[in-house]
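The residues making up each chain are set out below.
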Amino acid sequence: MLGIVVLLDAAAVVALVVQGRRDSMSAARAQSLSVAETFAHAPGVAAALDSKDPTAALQPRAEEIRQSTGVEYVVVAGTNGVRYTHPDIALIGKQVPGPYKEALENGPVTRTVAASRGRAVSSAVAVPRKDGTAAGLVAVGIKVEAVNKLAYPSIPLTVGAGVAALVLTTAGAALVSRRLSRQTRGLGPAEMTRMYEHHDAVLHAVREGVLIIGADHRLLLANDEARRLLGLPPDAEGRAVTDLGLAPGTAELLASGQVATDELRPAGDRLLAVNLRPTEERGGQPGMVATLRDTTELRALTGRAETVRERLTLLYRAGALIGTTLDVTTTAQELADVAAPGFADSVTVDLADAVLRGGEPRPPAGDTLELRRTAVRSAAEGHPLHPAGHVIGYRPTTADGLGTGAGHTRIVSDLAASQQWRETEPEQADGLLDHGYHSLLSVPLRARGVILGIANFWRAHNGDPFDLDDLSFAEELVARAAVSVDNARRYTREHQMAVTLQRSLLPRGLPEQNALDVAYRYLPAQAGVGGDWFDVIPLSGARVALVVGDVVGHGLHAAATMGRLRTTVLNFSTLELAPDELLGHLDELVVRMDQDEESGGGSITGATCLYAIYDAVSGRCTVARAGHPGPALVLPDGTVGFPEIPAGLPLGIGGMPFEMTELDVPEGSRLVLYTDGLVERRDRDIDDGLELLRRSLADRDRTPEETCDDVLEAMLPSRPGDDVALLVARTRTLDPSRRVQWDVPPDPAAVAGIRKQAMRWLSDRGLDEEGFVTELILSELVTNAIRYGSEPITVRLLYDRALTCEVSDCSSTSPHLRYATTTDEGGRGLFLVAQFAERWGARYTDRGKVIWSEQALGGPPPAGPV
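If you're wondering where the values come from, they're calculated on a predicted model, not measured in any experiment.

> Honestly, the packing of helix α11 (residues 328–339) against helix α15 (residues 468–505) in this entry has me stumped. Any pointers?
Helix-helix packing: each pair is described by the crossing angle between the helix axes and the interaxial distance. Where α11 meets α15, the closest approach of the two axes is 8 Å, and the angle between their N-to-C directions is 165 degrees. When the axis of α11 is compared with that of α15, the two are roughly antiparallel. Crossing hand, α11 versus α15: right-handed. Facing α11, whose interface residues are V328, T331, L335, V338 and A339, α15 presents L477, A481, S484, V485, A488, R489 and T492. Per-class residue counts for the contact of α11 with α15 are 8 nonpolar, 3 polar and 1 charged.

What follows is the structure, encoded as structure tokens:
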């Protein structure tokens, strides 16, 4: 940069010197010509030339002129070119060099010639006569050396000015260079050139419009694309953006000076996305830069992409929302809810009745396939579509049917033009057309090679008919839903089978007994059947056993295990075992079951059980439990308590005995037995559940049926996630007048007295017809106790639904029924008792045993050999 400045300054100095010499030469020419013309036209010069001695007349005058003007020479010559005057007298009379003839013929001539005294600037002028002819010529010359001497004084000044200019220029160049370096961020000329070229190329080649707007809202720059998009005039730059004829909204945005991102503004028939950013943020001048992008051509593509995105979102929602339950109807409704109104204005799902019941759909017997409308969803109220539950007949064998027979999807783009569709149900078709429905897409629900039904998608408010893209999407959506529907169908079948098995294993009714007023509820789990069970088992001596149990797990295995345990408890109860003993035997059975399952590769059984025996004579209840929730006891005054009963280990663990607790239960109290599904849930702690159960049982005096309803309403507002068994029993006691007890001395003669007292007691109660059989039974039982038992011996008669005779003693030996031979003298007593009594048996107590028999009242004695 500095070298360029030095060269420029030197060139300027040289130019000034040359220009000075040139100016001196021009001045010399002018002076020589002026002197020559003045002398040539001076009076008397022409006459002197025509005189006899021109030299004498003109030489003094010429020298005078030369000395006064400072020229080198003044020469006067004749027309023949011979000198008449000259500063050097020796040259007078000699020929004048140079173009004197041209001056005589053509006029004044100024030339640089080689004169006798060196190179000189010479001007030759003809001397005219009065008649216009030339009398001679005058030549005036100035030496070139003299001219140079005139220019030499200006050279030092010129050089000094050049040096000063060089210094100033160098300093200015340094300042400018530093500022340029700062502004260009250190970029060199090559980089600046390349950047400018790229910048200019980008501005003209980019497909986005670029505008630079000054702080005064005037347009500073607009590239070619911006001019095309906005239709700017050629003189747009420098004008205010509001004066460019733009749309008001676009001009207002460009002149606002506010930051904008993808603001849509109209520009003629285009829709532009405008972005505005300030320029001073990057160190530039205050103003705004605007970029314009034409979105008109992208509308169709954007709409297409948006449709695809919505469809993918809908499929994602379908995967998350369809099949949340294993219920066929709910799954069908979920399909309808997902597709409407996002994909269609209305959606209906029609399934075969067999599918709703969990079975396989069967081919139609005739030309019509009857499907039941299972789900309906419409974006509009008051639609004319058939409601859920309506049976709709399809014709799958017709060519223009809905394709359910062959399983093909069918598009009816124009319902009004489809004659076959209108002929199916004319009134329904007219109603749909009047409501605005214009397009239908029907897709069969196919799963595992079986068509379960059909899904219909209707459009009314959406003006576009269904197309092939819609068909592909609907097939994908329905295919996903069909798998969920089939899973729900299979589950429904398995669930119904399990429920049927379970209900067949549960009590179908309550046995007749007077000790308790009983009500029960059983609710299967929402997700499947479980192993909860309950039982009410009448026992001898006005006693009733209450049982509640729970097998771990769900499904057929749990239901089958529950049936085995319930049967086992029923069988053990006939042995008149105490609750703790019965649970001990039951535990041994479950251990053996687990061992069998383990050896066979099956699952291990786990179960809990609570067994309670209520005695209506004493008003006491003995309870034992194996890992099961304890009972609730509601006293007659409404007080609710949870008696402390040792929990025991669940059945199947083995090794630990169970403990029995005896409770005093006043008459009119309610015993509440239940399974853990009532009080325990995933979202509720068992302590909270027990407290809620306490509140639902307290305060009111209700019947067992009312108690069951109130408890379920308070505890289970929705369908439970686990099985629930609830048993409510209100206690009664046997009237003292309907029971009697006598002590028997250990003397065979005392039997007759006992018979007489019994006959008298029966007669007082109108049971004379039962006297003979009772007398016979008492004779045999008391005689056996005296003969084979030990003291004390007691007899008790209970008058309830049956007449019960009980003989107790302190012996632990149990009598056995046997057939006596013809030669035996005894052994027929118990045989007679078994023949005449409804049933009989023995139970053990802490003090010994009780032999009992029951006689049905109001009927003849059973027939049989005596």
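> Help me understand the pattern of salt bridges in this model?
Pairing between side chains of opposite charge can happen when their charged atoms approach one another. The final tally for this structure, using the stated rule, is 29 salt bridges. With a closest N to O distance of 3.2 Å, D337 and R377 form a salt bridge. In this pair, D337 is assigned in helix α11 and R377 in strand β11 (residues 369–378), connecting sequence segments 40 residues apart. D337 sits in the partly exposed class, given a relative accessible area of 31%. Exposure remark for R377: the relative accessible area of 31% places this residue in the partly exposed category. Ionic pairing is found between R620 and D664, a salt bridge with its closest N-O pair at 1.8 Å. Remark: D664 occurs in strand β23 (residues 661–664) and R620 occurs in strand β20 (residues 620–626); sequence separation between them is 44 residues. In this structure R620 comes out as partly exposed when scored by relative accessible area, which is 27%. The network of salt bridges with shared partners includes R448, D486, R489 and R490.

> How do you make sense of helix α16 (residues 556–573) when you look at a structure like this?
Each α-helix turn comprises 3.6 residues. Residues three or four places apart therefore point the same way. With 18 residues, α16 extends 26 Å from end C-alpha to end C-alpha; this agrees with the ideal 26 Å at 1.5 Å per step. Restricting attention to buried positions, one finds in α16 the residues A558, A559, T561, M562, G563, L565, R566, T568, V569, F572 and S573.

> Whenever I open this one, the side chain of T731 confuses me. Can you help?
Within the secondary structure layout, T731 lies in strand β25 (residues 724–731). Other than its neighbours up to four places away in sequence, T731 contacts A515, L516, Y614, V665, P666, E667, G668, S669 and L671.

> Would you explain unusual backbone geometry in this entry?
Residue P341 is bonded to the preceding A340 through a cis peptide linkage, with omega at 5 degrees. On the secondary structure map, P341 appears in the loop between α11 and β10 (346–351). In this structure, A542 is a non-glycine residue whose phi angle is positive, near 60 degrees. Tracing the sequence through the fold places A542 in the loop between β17 (530–539) and β18 (543–554). Residue E576 is not a glycine yet carries a positive backbone phi of 55 degrees. The residue E576 is located in the loop between α16 and α17 (579–599) in this model.

> When you look at the packing of α15 against α16 in this model, what are you seeing that I'm missing?
Between α15 and α16, the shortest axis-to-axis distance is 9 Å and the interhelical angle comes to 10 degrees. With respect to their mutual orientation, α15 and α16 come out roughly parallel. Across the interface between the two elements, M497, A498, L501, Q502 and L505 from α15 touch L556, A559, A560, M562, G563 and R566 from α16. A class-by-class count of the residues in the contact of α15 with α16 yields 8 nonpolar, 2 polar and 1 charged.

> When you look at the layout of surface pockets in this model, what are you seeing that I'm missing?
Rolled over the atoms, a probe as big as a water molecule pinpoints where empty space is left. Estimated volume of the largest pocket: approximately 1,100 Å³. Secondary-structure elements contributing two or more residues to the lining of the largest pocket are α17, β19 (607–615), β20, β27 (793–799), β28 (802–809), β29 (839–844) and β30 (849–856). Of the residues that constitute the lining of the largest pocket, the class distribution is 13 nonpolar, 7 polar and 14 charged.

> Just to check I follow, could you spell out the packing of aromatic side chains for this structure?
A ring pair, where both rings are aromatic, is described by two values, the distance of the centres and the angle of the planes. Tallying each qualifying case throughout the model produces 5 aromatic pairs. Considering the side-chain rings of F343 and F473, the 4.8 Å spacing of their centres and the 55 degrees angle between planes classify their relative orientation as tilted. Of this pair, F343 sits in the loop between α11 and β10 while F473 sits in helix α15, and the two are 130 residues apart along the sequence. F473 shares its class with F343; the two are buried.

> What is the right way to look at the sheet that holds strand β8 (residues 270–278) in this model?
In a beta sheet, neighbouring strands pair by backbone hydrogen bonds and run either parallel or antiparallel. Ordered in space as β6-β5-β9-β8-β7, the 5 strands form an open sheet in which the pairing is antiparallel. The open sheet terminates on both sides in strands that have one partner only, identified here as β6 (219–222) and β7 (260–267). The sheet shows a mean angle of 25 degrees between the axes of neighbouring strands, taken without regard to direction. In this sheet, β8 lies alongside β7 in antiparallel orientation, the contact comprising 6 bridges. Within the sheet, the bridge partner assigned to R265 lies in β8 and is L272.

> What exactly am I supposed to notice about the pairing of strand β24 (residues 670–674) here?
When a strand is regular, its side chains alternate between the sheet's two faces. Along β24, 5 of the 5 residues are buried, which leaves the element largely enclosed by surrounding structure. Side chains R670, V672 and Y674 of β24 all project onto a buried face; the interleaved residues L671 and L673 project onto the opposite face, where all are buried too. By the bridge criterion, 5 bridges tie β24 to β25 in an arrangement that is antiparallel. Within the sheet, the bridge partner assigned to Y674 lies in β25 and is L726.

> Can you help me understand the sheet that holds β30 in this one?
A sheet is described by the order of its strands in space; here 5 strands give the open sequence β26-β27-β28-β30-β29, paired in antiparallel fashion. Strands at the two margins of the open sheet, each flanked by one partner only, are β26 (739–744) and β29. Neighbour-to-neighbour, the strand axes of this sheet turn through a mean angle of 15 degrees, independent of strand direction. Relative to β30, β29 runs antiparallel, the two being bridged by 6 bridges. By the bridge assignment for β30, W840 is matched with S853. Where helix α20 (residues 750–764) meets the sheet, its contacts fall on β26, β27 and β28, and the angle it forms with β26 comes to roughly 170 degrees. Contacts from helix α21 (residues 771–788) reach β26, β27, β28 and β30, with the element oriented near 15 degrees to β28.

> Explain helix α9 (residues 248–256) to me, please; I cannot follow it from the model alone.
Of all the positions in α9, only T250, A251, L253, L254 and A255 are classed as buried. Taken together, the buried residues of α9 touch β5 (209–214), α8 (224–230), β7, β8 and β9 (287–294). Immediately downstream of α9, the backbone of G257 shows phi near 75 degrees, a positive value.

> So what exactly am I meant to see when it comes to the environment of R66 here?
Structurally, R66 is set in helix α3 (residues 54–69). Between the C-alpha atom of R66 and that of V35, which follows or precedes it by 31 residues, the distance is 8.9 Å.

Definitions and cut-offs
Residues numbered from 1 in each chain as written. Predicted model: local features only at pLDDT ≥ 70, side-chain atom pairs only at ≥ 80, totals over all residues. Heavy atoms only, no water. Axes fitted to C-alpha atoms, helices over the stretch in contact; angles between N-to-C directions. Helix = DSSP H or I, 4+ residues; strand = E, 2+ residues; numbered from the N terminus. Parallel < 35°, antiparallel > 145°, perpendicular 65-115°, else oblique. Left-handed = near helix turned anticlockwise from the far one by under 90°. Contact = heavy atoms within 4.5 Å. Nonpolar A, V, L, I, M, F, W, Y, C, P; charged D, E, K, R; others polar. Salt bridge = Lys/Arg side-chain N within 4 Å of Asp/Glu carboxyl O. Buried < 20%, exposed > 50% of the residue type's maximum accessible area, 1.4 Å probe, protein only. Expected span 1.5 Å × (residues − 1). 1 Å grid on protein atoms, 1.4 Å probe; cavity = no way out; pocket = protein on both sides within 12 Å on 5 of 7 lines; lining within 4 Å. Points joined across faces, edges and corners; volume = space filled by probe spheres on them. Phe/Tyr/Trp six-rings, centres within 6.5 Å; stacked < 30°, edge-to-face > 60°. Pairing = 2+ DSSP bridges.

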